[in-house]
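# Chain and residue survey
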Amino acid sequence: MGSAPQKPLIVIPARMASTRLPGKPLAEIGGLPMIVQVLRRAEEAAIGPVIVACAEKEIADVVSAAGGTAILTRPDHPSGSDRVFEAAERFDPDGSFDAIVNLQGDLPALDPAAVGAIFRPLQNVAVDISTLVAVITDPAELDDENAVKAVVSLGEGATIGRALWFSRLKSPGGAGPHYHHIGLYAYRRASLAKFVSLPPAPLEQRERLEQLRALEAGMRIDAAVVDTVPLGVDTPEDLARIRRMFVS
C-alpha cells in the first residue's frame, strides 16, 4: 500500500462545452474569468502547485495570461478524471507528485480550506481516493436527485469516515444525518492511474455516478466533512448569483 502521500498536485479540468452554459470557464466573475477565480482559490490553499487541464486553447491562453500553468489536453476525454490524468502525466512524467487533487473548474467561491481538507484522508495508507461531504440541512435536498448523497461511516465526533456508497436517492435509512457529496477528489497517483484504466461499471451507469466505478472495483474512498457545499456554476442563474457574491 505504501506510505501516506506528501506531495499533492492540484489539477483543475476545464472545457468550453457545457450544455447549459457554453463557454463557462471564460465567464467573467469579479473582474476575472471563472477559471482564473478557481485557480486563485486553489493557489490560496497553498498545499501544492496548481495546473489547469484545458480542453481548448482559448482556456489555456487565459490561464497563461493570468500567470497560471495551463496544460492543453485532448478535447475528446469522456470525463474530467481522464483529462486530469493526462495533464498530470504531461506535467509530471517522472511521478514526483504522489497525490492528485481534482478540483472542478466551476467553483469560483470555493473555500480554500476545503482543498486542504480533501487531502487529509489520504494520510490513511488504506485509502485510495478521498472526497468531501457536508451535512444536508435542507429537507428538499433529500428528494432532489441532482443532490448526490454519500453514505459515510462516521463515529461520534469524527470528521473523516469511509464512504460506502453514493446515490441520487435518500440513503441510508433510519435516524441520523445525511450527507451531500461534494464532487472534488484527491487520488493517490497510482489510484488515479488505476481508476482511469477501468471500464464503466454497471452500477455507475445505473446511478450515473462515476465514483461508483471505484467502489465496484474494490477501491477505498474516504470522505472528510466540511461545513458547507460550495456553490457551483451550471446555469445562467447560478452565474448571476455568483457574480452578486463577488460584488458584495
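About the thresholds
- Residues numbered from 1 in each chain as written.
- Predicted model: local features only at pLDDT ≥ 70, side-chain atom pairs only at ≥ 80, totals over all residues.
- Heavy atoms only, no water.
- Helix = DSSP H or I, 4+ residues; strand = E, 2+ residues; numbered from the N terminus.
- Contact = heavy atoms within 4.5 Å.
- Core = buried A, V, L, I, M, F, W, Y, C linked by side-chain atoms within 4.5 Å.
- Buried < 20%, exposed > 50% of the residue type's maximum accessible area, 1.4 Å probe, protein only.
- Salt bridge = Lys/Arg side-chain N within 4 Å of Asp/Glu carboxyl O.
- Patch = residues over 30% accessible without salt bridge, like charges linked within 9 Å, V, L, I, M, F, W, Y side chains within 5 Å.
- Areas by Shrake-Rupley, 256 points an atom, 1.4 Å probe, with all protein chains shown as cover.
- Lys, Arg positive; Asp, Glu negative; His and termini not counted.
- Charge placed at Lys NZ, Arg CZ, Asp CG, Glu CD.
- Polar contact = N/O pair within 3.5 Å; in protein donor to acceptor, adjacent residues only side chain to side chain.
- Phe/Tyr/Trp six-rings, centres within 6.5 Å; stacked < 30°, edge-to-face > 60°.
- Lys NZ or Arg CZ within 6 Å of the ring centre and 35° of its normal.

## So, the side chain of Lys24
Turning to its location among the elements, Lys24 is positioned in the loop between strand 1 (8-14) and strand 2 (28-29). Residues contacting Lys24, with those up to four places away along its chain left out, are Met16, Ser18, Met34, Asp106, Val233 and Asp234.

## Section: the nonpolar core
Residues Ile12, Ile35, Val52, Leu103, Leu132 and Leu184 are the most contacted members of the largest nonpolar core, which totals 43 residues. Per-element accounting of this core gives the leading share, seven residues, to helix 1 (residues 34-45). In this structure, Leu9, Ala87, Ile221 and Ala223 belong to the second largest nonpolar core, which totals 31 residues.

## Considering the pattern of salt bridges
The final tally for this structure, using the stated rule, is 11 salt bridges. Connected through shared salt-bridge partners, Lys24, Asp106 and Asp234 make up one network.

## A word on a negative patch on the surface
On the surface, a cluster of negative charge is contributed by Asp138, Asp143, Asp144 and Glu145. Considering the arrangement of structural elements, one finds Glu145 in the loop between helix 5 (139-142) and strand 8 (149-153). Taking the relative accessible area as the measure of exposure, Glu145 reaches 45% and is therefore partly exposed.

## Here's the deal with helix 4 (residues 112-119)
Burial within helix 4 is extensive, with seven of its eight residues counted as buried. Taken together, the buried residues of helix 4 touch strand 1, helix 1, strand 6 (99-102), strand 7 (129-135), strand 10 (179-188) and strand 11 (221-225). Put simply, Asp111 is the residue that caps the front of helix 4, since its side-chain oxygen is 3.0 Å from the backbone nitrogen of Ala113.

## Description of the environment of Pro75
Tracing the backbone through its elements, the reader meets Pro75 in the loop between strand 5 (69-72) and helix 3 (80-91). Classification of Pro75 by relative accessible area gives exposed; the value is 62%. Residues Pro75 and Ala55, 20 residues apart in the sequence, show an inter-C-alpha distance of 4.6 Å. Beyond its immediate sequence surroundings of up to four residues, Pro75 is in contact with Ala55 and Arg83.

## Re unusual backbone geometry
Note the cis peptide between Ser171 and Pro172, where omega equals 0 degrees. With respect to the helices and strands, the residue Pro172 is situated in the loop between strand 9 (160-167) and strand 10. Of note in the backbone geometry, Ala46 takes a positive phi value of approximately 55 degrees without being a glycine. With respect to the helices, strands and loops of the structure, Ala46 is situated in the loop between helix 1 and strand 4 (50-54). A relative accessible area of 63% means that Ala46 is categorised as exposed. Positive phi, normally seen in glycine, also occurs at Arg208, with a value near 60 degrees.

## As for the packing of aromatic side chains
A full pass over the atoms with the stated rule returns three aromatic pairs. Relative to Phe97, the ring of Phe91 has its centre 6.3 Å away and its plane inclined at 35 degrees; by these criteria the two rings are tilted. A relative accessible area of 12% means that Phe97 is categorised as buried. Ring centres of Tyr187 and Phe195 lie 6.1 Å apart, and the angle between their planes is 40 degrees; this geometry places the pair in the tilted category. You can call Tyr187 buried: its relative accessible area is 2%. What makes Phe195 buried here is its relative accessible area of 3%. Across from the ring centre of Phe97, 4.7 Å away, lies the NZ or CZ of Lys7, which sits over that ring. Sitting over the face of the ring of Phe195, Arg213 holds its NZ or CZ atom 5.2 Å from the ring centroid.

Note that every value here comes from positions in space, so none of it alone points to a role or purpose.
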